[in-house]
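# Structure assessment
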Number of protein chains: 4
Amino acid sequence: VRRLEVKNVNIGVIGASKATKEELALAVEVGRLIARSGATLVCGGLGGVMEAAARGAAEEGGIAVGILPGNSLEDANRYLRVAIATGMGEARNVIIVKSCASLVAIGGGYGTLSEIATAMRLGVPVIGLLTWRVAGRDPDLVVRAVTAEEAVDKAVEIARVRPASRDA
Amino acid sequence: VRRLEVKNVNIGVIGASKATKEELALAVEVGRLIARSGATLVCGGLGGVMEAAARGAAEEGGIAVGILPGNSLEDANRYLRVAIATGMGEARNVIIVKSCASLVAIGGGYGTLSEIATAMRLGVPVIGLLTWRVAGRDPDLVVRAVTAEEAVDKAVEIARVRPASRDA
Amino acid sequence: VRRLEVKNVNIGVIGASKATKEELALAVEVGRLIARSGATLVCGGLGGVMEAAARGAAEEGGIAVGILPGNSLEDANRYLRVAIATGMGEARNVIIVKSCASLVAIGGGYGTLSEIATAMRLGVPVIGLLTWRVAGRDPDLVVRAVTAEEAVDKAVEIARVRPASRDA
Amino acid sequence: VRRLEVKNVNIGVIGASKATKEELALAVEVGRLIARSGATLVCGGLGGVMEAAARGAAEEGGIAVGILPGNSLEDANRYLRVAIATGMGEARNVIIVKSCASLVAIGGGYGTLSEIATAMRLGVPVIGLLTWRVAGRDPDLVVRAVTAEEAVDKAVEIARVRPASRDA
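Residues numbered from 1 in each chain as written. Chains lettered and ligands numbered in written order. Predicted model: local features only at pLDDT ≥ 70, side-chain atom pairs only at ≥ 80, totals over all residues. Heavy atoms only, no water.

### Some thoughts on the overall build of chain A
Across its full length, chain A carries 5 helices and 8 strands. Overall, chain A shows an N-to-C arrangement of helices and strands of β-α-β-α-β-β-α-β-α-β-β-β-α. Principal axes of the C-alpha set define a box for chain A whose edges measure 40 × 35 × 30 Å. Going through the 168 residues of chain A one by one, you find that 64% of them count as buried. Long-range pairs, those at least 24 residues apart, make up 59% of the contacts in chain A between residues at least 6 apart in sequence. The distance from the centre of the 20 positive side-chain charges to the centre of the 18 negative ones in chain A is 3 Å. (Helix = DSSP H or I, 4+ residues; strand = E, 2+ residues; numbered from the N terminus. Buried < 20%, exposed > 50% of the residue type's maximum accessible area, 1.4 Å probe, protein only. Contact = heavy atoms within 4.5 Å. Lys, Arg positive; Asp, Glu negative; His and termini not counted. Charge placed at Lys NZ, Arg CZ, Asp CG, Glu CD.)

Structure, rendered in structure tokens:
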């Protein structure tokens, strides 16, 4: 994974609190690689894929941020460096999407699908690992990846050029 | 369509502001039938499917409520009896889902997909007309319908029994 | 109270669920007068001042809309014609403010103070009955009133000219 | 200022983007002291008091988090280590309040008043520096301080014992 020259770029990891072993292993590796790129990892702050990704980032000395659905920071997983309590339930998914230069989606939960759809709507690129395939009037814009490395490579390449990236 | 005995039940219509003629014709008819059932129609308040459904409801003397994404009530379509400005962008989709006993989804825009996904996540039944098909780890729970009458029949049957319905 | 010529104008009533008898009596009268003006009454949907105002509107055949903080429509008071479940807690106060041409504040709860402050910030005029007085760097812009009739008169006069009013 | 033994505690700084020189100087010092305590500084992410506090934290090697009202991270001030785009306007104030163990309010803008009121409503302690005084049915619970050191001392003491603090 190439290193970002710009600082303070957010890359999101979206996925469910109930996940398979394969999804969790992918999430840890994705978290590690995002941290190595120099990006800040943003996730939903709970367990499962969110916790695994935050753990990967923490193990590499990176910063993992959790945007929680509830009112209490006590719901936060232990690997977050920063936890934010929105008290807005599923509406917090929109905040995650808006805050990231790109997203890596892991697994096929309904919450993940709502985040993918919101990202498509708002033009935030999504890289998909073992995630939803959708068919409607509008096209499925998810970029598919097979390995964690491929996914993060793509997410970082996009983050390098998107205007949402801040050079701080 | 059977008439609801309970009062003040919300049934949602979700769909994009850019829609085909077929989708718009369906939306007008769905709006009419929801109004005839005695339910309040809740939608996103803008144009396209939202406006067509609100128009159908208004033509039958029903109440159409629009939950707008922006800060200004001036974005509201002209058929709404009540317009609410959330200023929360796409996060307003979650409010529409939470406020309804059941939802009719028309067409295949990304915003509609995010609402379907949020509804699946929160357990709000969705009846689909010409809308997304999705495949992931979790099942596609959208109940398919072919005609406006079939869709509203199903939406009203569900609204009749769901606890979200208030008997006012 | 003069009647609004424009249709579908929202006037808000903000106040706490715990209220004194005097506040509740004022709220019923304010609700009645708002309904008589032809405006739609928007409130927080719960008990106390919110319920009293909705009751007043309902008794005059008007429409009362409740923007609820929680996820369930079952929290709605019985006088609402339309209930919306935001699931956003106190953040729903901002939605009430943004949706109204003017607001009548009754009583001195903390939630009411946050709504007054948000209204000042966003430029939505507030008429105050027995409510907070504030002193800071910025001025206290609340227009004071003593009777329900004086308060609604002022709220309707403002609603008549503010651009948020929609002519539907 | 005593150092927090627990990790990952958020202390908020609330204040306007338009501020006096005195308020800005206080904000820089408050930011420095919060960083020295080991707490994470959470603010609204824009200019004025928010930027000054973030600058103070950054100068001490601390982490400043900005919860932005808009959709774009480009609005973020340059001293934030983490920026979050809520796209929810003034409703983002509620997120700041919910995420913090205690808050330091500097100056008298309307947005600050809405945050103070929301904090009172939700039971989050507020330490006030040159900020609003309010009088209503409910008491003014703001703890007054005169110097930055006094304010942060109190904020840290509270953060030490409040359950919102996470021991990560």
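### Focus: the interface of chain A and chain B
Opposite the 31 residues of chain A that make contact, chain B presents 31 residues. Both sides together, the interface formed by chain A and chain B hides about 2,500 Å², and carbon and sulfur atoms give 62% of it. When residues of chain A are sorted by the area they lose upon contact with chain B, A:E90, A:Y110 and A:R137 head the list and together hold 29% of the total. Inspection of the chain A/chain B interface yields 4 salt bridges. (Buried area = accessible area lost by both parts, 1.4 Å probe. Salt bridge = Lys/Arg side-chain N within 4 Å of Asp/Glu carboxyl O.)

### Some details on the interface of chain C and chain D
Contacts between the two partners involve 30 residues from chain C and, on the opposite side, 31 residues from chain D. When the buried area of chain C at its contact with chain D is split by residue, C:E90, C:Y110 and C:R137 rank highest and sum to 29% of it. Between the two partners, chain C and chain D, sit 4 salt bridges. D:E90 is paired through a salt bridge with C:R121; the nearest N and O atoms lie 3.3 Å apart. Scanning the region where chain C abuts chain D turns up 12 residue pairs in polar contact (both at pLDDT 80 or more). Contributions of two or more residues to the side of chain C that touches chain D are made by α3 (92–99), α4 (110–122) and β7 (133–135) of chain C. It is α4(C) that contributes the most residues to the side of chain C that touches chain D, 9 residues altogether. When grouped by side-chain class, the residues that make up the side of chain C that touches chain D number 15 nonpolar, 7 polar and 8 charged. Strand direction decides the pairing type here: β7(C) and strand β7 (residues 133–135) of chain D, joined by 3 bridges, are antiparallel. (Polar contact = N/O pair within 3.5 Å; in protein donor to acceptor, adjacent residues only side chain to side chain. Nonpolar A, V, L, I, M, F, W, Y, C, P; charged D, E, K, R; others polar. Pairing = 2+ DSSP bridges.)

### Structural notes on the sheet that holds strand β8 (residues 143–144) of chain A
Residues and elements named next belong to chain A. Read across the open sheet, the 7 strands follow the order β4-β3-β2-β1-β5-β6-β8; overall the sheet is parallel. Each edge of the open sheet is held by one strand with a lone partner, namely β4 (82–85) and β8. Pairing geometry for strand β1 (residues 10–15) and strand β2 (residues 40–43), over 3 bridges, is parallel. Following the sheet pairing, I11 is matched in β2 by L41. Sheet strands in contact with helix α3 (residues 92–99) are β1, β2, β3 (64–68) and β5 (102–106), and its direction is about 150 degrees off that of β3. (Axes fitted to C-alpha atoms, helices over the stretch in contact; angles between N-to-C directions.)

### So, the relation of the copies chain C and chain D
The two copies are related by a screw motion: chain C maps onto chain D through a turn of 180 degrees and a shift of 0.0 Å along the axis, at an RMSD of 0.0 Å. Seen this way, the second copy is the image of the first under a two-fold rotation axis. In this assembly, 100% of the residues forming the interface of chain C have copies in chain D that are likewise at the interface, indicating an isologous arrangement. (Least-squares fit on C-alpha atoms with pLDDT ≥ 70 in both.)

### Here's the deal with the pairing of strand β6 (residues 126–129) of chain A
Residues and elements named next belong to chain A. Judged by which residues are buried, β6 turns out to be covered on both faces: V126 and G128 on one side and I127 and L129 on the other are all buried. In this sheet, β6 lies alongside β5 in parallel orientation, the contact comprising 4 bridges. If you follow I106 over to β6, its bridge partner there is L129. With helix α4 (residues 110–122) bridging β5 and the parallel β6, this β-α-β connection has right-handed handedness. Note: β6 against β8, 2 bridges, orientation parallel. What sits directly across from I127, in β8, is V143. (Right-handed = clockwise from strand over helix to strand, strands pointing away.)

### Regarding the relation of the copies chain A and chain B
Of the transformation placing chain A onto chain B, the axial shift is 0.0 Å and the rotation is 180 degrees, giving an RMSD of 0.0 Å. Mapped onto chain B, 100% of the interface residues of chain A again fall at the interface, so both copies present the same surface.

### Re the confidence of the model for chain A
Mean pLDDT over chain A works out to 93, with 96% of the residues at or above the 70 mark. Confidence metrics for the complex model read pTM 0.95 and ipTM 0.94. (pLDDT = per-residue confidence, 0-100.)

### Some words on the nonpolar core
The biggest cluster of nonpolar side chains holds 108 residues, and the ones touching the most others in it are A:L103, B:L103, C:L103 and D:L103. Not counting chain neighbours up to four residues away, the residues in contact with C:L103 comprise C:G12, C:I14, C:I96, C:V97, C:A119, C:V124, C:P125, C:V126 and C:I127. (Core = buried A, V, L, I, M, F, W, Y, C linked by side-chain atoms within 4.5 Å.)

### Structural notes on the pattern of salt bridges
This model, assessed by the stated rule, comprises 44 salt bridges over all chains. With a shortest N-O distance of 3.2 Å, A:E60 and A:R36 are connected by a salt bridge. Remark: A:R36 occurs in helix α1 (residues 21–37) and A:E60 occurs in the loop between α2 (49–59) and β3; sequence separation between them is 24 residues. According to the relative accessible area criterion, A:E60 is partly exposed, its value standing at 32%. For A:R36, a relative accessible area of 42% puts it in the partly exposed group. With a shortest N-O distance of 3.6 Å, B:R2 and B:E157 are connected by a salt bridge. Of this pair, B:R2 sits in the segment before β1 (10–15) while B:E157 sits in helix α5 (residues 148–161), and the two are 155 residues apart along the sequence. For B:E157, a relative accessible area of 35% corresponds to the partly exposed category. Salt bridges sharing partners connect three or more residues here, namely A:E29, A:R32, A:R55 and A:E59.

### Comments concerning unusual backbone geometry
The backbone phi angle of B:L130 is positive, close to 55 degrees, even though this residue is not glycine. Considering the arrangement of structural elements, one finds B:L130 in the loop between β6 (126–129) and β7 (133–135).

### Thoughts on the packing of helix α3 (residues 92–99) of chain D against helix α4 (residues 110–122) of chain D
All names here are of chain D. Relative to each other, α3 and α4 sit at 45 degrees, their axes nearing to 9 Å. When the interaxial angle is binned, α3 and α4 end up oblique. The handedness of the crossing between α3 and α4 is right-handed. From α3, N93, V94, I96, V97 and K98 reach across to α4, where they touch G111, S114, E115, T118, A119 and L122. Grouping the constituent residues of the contact of α3 with α4 by class yields 5 nonpolar, 4 polar and 2 charged. (Parallel < 35°, antiparallel > 145°, perpendicular 65-115°, else oblique. Left-handed = near helix turned anticlockwise from the far one by under 90°.)

### Here we look at the sheet that holds strand β5 (residues 102–106) of chain D
Residues and elements named next belong to chain D. Across the sheet, which stays open at both edges, the 7 strands sit in the order β4-β3-β2-β1-β5-β6-β8 with parallel pairing between neighbours. Both outer strands of the open sheet, β4 (82–85) and β8 (143–144), are each paired with one neighbouring strand and no more. Two elements, strand β2 (residues 40–43) and strand β3 (residues 64–68), share 3 bridges in a ladder whose sense is parallel. Note that in β3 the partner of L41 across the bridge is A64.

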